[in-house]
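The lines below spell out each chain.
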Amino acid sequence: MSWMEKDLALCCTTMQKQVVHWNKVAGNEQRDLEVLQTCQSALVREELGELVEAYHNKDRGEFIKELCDALVVSLYEWHLHSKDLAIAIHQDSPQRGLALCMSTVEACLEEQNTIGVLPLLVRAFEIANADMGKAWKAVMDNNYSKFIGSWEISRLEMSLEKKHPHARLDRVDGYSVLKDPETGKVLKPYGYQKLTNMREY
């Protein structure tokens with residue numbers, strides 16, 4: 001039994017909570033909801049395009065990575081529209097294979113129906129026959145590497161100022177993020193192997 005098949009509902013719920021927390025710390029929930037929904041839809045379309053490209057290139061490793069990336073942005077879009085995650089988990093037919101699943105993803109992309117794509121991604125996640133738990137962890141570790149624990153700030157401040165002297169430091173939920181003051185984009189000054197074992201990114 002695959003990682004996803006053991007408890008699909010629990011896995012998807014856990015993933016969505018992680019994505020919502022990541023966006024909260026990044027400060028996205030402070031933005032106007034309608035603007036945020038529009039921006040998130042654009043992000044979903046971008047990730048779906050990369051997913052479709054990886055699928056047609058028959059690049060399995062890249063496909064798994066892009067599938068996880070698409071899930072990250074799609075789960076947050078679903079959250080922004082207050083849609084029931086259980087619908088995404090159970091809506092799609094269990095008989096749908098990956099080829100049909102991906103052709104429907106392409107149709108949704110062409111129609112810019114980004115909300116309708118999450119059940120398809122969940123199905124693709126379930127049938128990809130890979131260690132999706134490991135792949136998902138890699139994606140989320142990459143996202144969380146943008147955050148700096150408050151306990152690390154004091155010894156990193158001088159280095160951060162040298163690397164990003166014009167960035168602003170935002171603190172949320174015990175984490176800090178560096179943001180470009182003009183675009184608001186979260187900067188990634190460090191990558192973490194562990195929170196206590198850092199290497200410069």
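What counts and what doesn't
Residues numbered from 1 in each chain as written. Predicted model: local features only at pLDDT ≥ 70, side-chain atom pairs only at ≥ 80, totals over all residues. Heavy atoms only, no water. Salt bridge = Lys/Arg side-chain N within 4 Å of Asp/Glu carboxyl O. Helix = DSSP H or I, 4+ residues; strand = E, 2+ residues; numbered from the N terminus. Buried < 20%, exposed > 50% of the residue type's maximum accessible area, 1.4 Å probe, protein only.

Participant: I keep staring at the pattern of salt bridges and nothing clicks. Help me out?
Facilitator: A side chain of one charge can pair with a side chain of the opposite charge when the charged atoms of the two come close. Within this structure, the stated rule accounts for three salt bridges. The salt bridge involving Lys 65 is made with Asp 69; its shortest N-O contact spans 2.9 Å. Placement of the pair is Lys 65 and Asp 69 together in helix α4 (residues 60-80), with a separation of four residues, close to one helical turn. By relative accessible area, Lys 65 is classed as partly exposed at 40%. Overall, Asp 69 belongs to the buried group, its relative accessible area being 14%. The salt bridge partner of Asp 141 is Lys 137, with a shortest N-O separation of 2.7 Å. Of the two residues, Asp 141 and Lys 137 both sit in helix α8 (residues 132-144), four residues apart, roughly one turn of that helix. Three or more residues are tied together by salt bridges with common partners; here these are Lys 65, Glu 66 and Asp 69.

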